[in-house]
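Letter by letter, the chains look like this.
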Amino acid sequence: PSVPSPPLEVARDEADAGKAPIVVILGAPLSGKTTQAKAVAKQHGMLYLTIDSAVGAIMELDSAEGATLRSASQKLAEGGKPDLTAALLCGALRQRIKGPDASGGVVFDDIASALTPNAELVLTALRDVAVALSTPLVVVSLSLDELLIGVRQTQMLVAAAQTDLDASVVHPLPEDAYDRLDDAA
């Protein structure tokens, strides 16, 4: 079933009027975070991002932050623990959010990041970005009951099994070839 997009009604004071918000959509796996984040972004003319896509864009730049983030990513790829701080993450996210394509605001699809499993670090960085840019930070938490999550998991498994079945090729064996299989074993 289709789940309607959450309304984006931000309680703002007059100082926030007209400022593009930073929206973060949180939720359990299969709760519809990506669907909702994309819907909110489209409906409100905002830029859809993930933490890693935002950080990845800064990694590509020839800048001190880009070099530090590339080093952290390399360390992670080599099995180490990257030295990622809230200040570094804040700087990268701030730089990305200030891009011209984000002038209408941004919607982050969750706070998961390959660079850090520390959700508190990511939320702290996002809060610091919002404060630095004097823009509202809106956090939307989606929740589903266990039954609905189970139904969604089952639907995904059935779809994957059907895809595998559709891709499989069946070659029927004549009876004498089948009998020879028993002899070979």
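Residues numbered from 1 in each chain as written. Predicted model: local features only at pLDDT ≥ 70, side-chain atom pairs only at ≥ 80, totals over all residues. Heavy atoms only, no water.

**Student:** Got a sec to walk through the nonpolar core? Specific residues and values, please.
**Tutor:** Counting 30 residues, the largest nonpolar core has Ile22, Val55, Leu69, Leu93, Val106, Phe108 and Leu126 as its most contacted members. Put simply, the parts of the chain that give this core at least two residues each are strand E1 (22–27), strand E2 (47–49), helix H2 (51–59), helix H4 (86–97), strand E3 (106–109) and helix H5 (119–132). When residues of this core are assigned to their parent elements, the largest contribution, seven residues, is made by H4. Not counting the four nearest positions on each side in its chain, Val55 is found in contact with Leu69, Leu89, Leu93 and Leu115. (Core = buried A, V, L, I, M, F, W, Y, C linked by side-chain atoms within 4.5 Å. Buried < 20%, exposed > 50% of the residue type's maximum accessible area, 1.4 Å probe, protein only. Helix = DSSP H or I, 4+ residues; strand = E, 2+ residues; numbered from the N terminus. Contact = heavy atoms within 4.5 Å.)

**Student:** Would you mind going over the pattern of salt bridges in detail, with residue names and values included?
**Tutor:** For the structure shown, the criterion picks out three salt bridges. The salt bridge involving Arg96 is made with Asp101; its shortest N-O contact spans 2.8 Å. We classify Arg96 as buried; its relative accessible area is 15%. When the shortest N-O distance is used, the salt bridge between Asp128 and Arg127 registers 2.9 Å. (Salt bridge = Lys/Arg side-chain N within 4 Å of Asp/Glu carboxyl O.)

**Student:** Lay out a negative patch on the surface in plain terms, naming residues and giving numbers.
**Tutor:** Together, Glu175, Asp179, Asp182 and Asp183 line one region of the surface with negative charge. Within the element layout of this structure, Glu175 appears in helix H7 (residues 175–184). Here Glu175 falls in the exposed class, since its relative accessible area comes to 64%. (Patch = residues over 30% accessible without salt bridge, like charges linked within 9 Å, V, L, I, M, F, W, Y side chains within 5 Å. Areas by Shrake-Rupley, 256 points an atom, 1.4 Å probe, with all protein chains shown as cover. Lys, Arg positive; Asp, Glu negative; His and termini not counted. Charge placed at Lys NZ, Arg CZ, Asp CG, Glu CD.)

**Student:** Describe the sheet that holds E3, listing the residues and the values that go with them.
**Tutor:** In spatial order, the strands read E2-E3-E1-E4; together these four strands make up an open sheet with parallel pairing. Since the sheet does not close on itself, it has two edges, and those belong to E2 and strand E4 (137–142), each with one partner. Taking the axes of each pair of neighbouring strands and ignoring which way they run, one obtains an average angle of 20 degrees across the sheet. Looking at chain direction, E1 and E4 are connected through six bridges and run parallel. Across the sheet, Ile25 pairs through a bridge with Val140, a residue of E4. Lying over the sheet, helix H1 (residues 33–44) contacts E1, E2, E3 and E4, oriented at roughly 175 degrees with respect to E3. Its contacts with the sheet place H4 against E1, E2 and E3, and it is angled at close to 135 degrees to E3. (Pairing = 2+ DSSP bridges. Axes fitted to C-alpha atoms, helices over the stretch in contact; angles between N-to-C directions.)

**Student:** Please provide a residue-by-residue account of the side chain of Lys33, values included.
**Tutor:** You can see Lys33 is positioned in helix H1. There is no salt bridge for the buried Lys33, and the closest opposite charge comes from Asp110, which lies 4.4 Å off by N-O distance. With near-sequence residues (within four places) excluded, Lys33 lies in contact with Ile25, Leu26, Gly27, Ala28, Asp109, Asp110 and Leu142.

**Student:** Before we move on, could you go through H1 and cite the residues and values that matter?
**Tutor:** An ideal rise of 1.5 Å per residue puts 16 Å on twelve residues; H1 measures up with 16 Å between its terminal C-alpha atoms. Of all the residues in H1, the buried ones are Lys33, Gln36, Ala37, Val40 and Ala41. The arc that holds every buried residue of H1, seen down its axis, measures 130 degrees, which confines them to one face. Exposed and facing more than 90 degrees away from the buried side of H1 are Thr35, Lys42 and Gln43. Where H1 ends, the next residue or the one after it, Gly45, has phi of about 65 degrees, a positive value. (Expected span 1.5 Å × (residues − 1). Arc of directions from axis to C-beta.)

**Student:** Go over the side chain of Arg96, please, and point to the residues and values.
**Tutor:** One can find Arg96 in helix H4. Residues in contact with Arg96, not counting those within four places in the same chain, are Leu47, Leu49, Ala54, Ala57, Ile58, Asp101 and Ala102.

Keep in mind that these numbers describe shape and distance, not what the molecule does.
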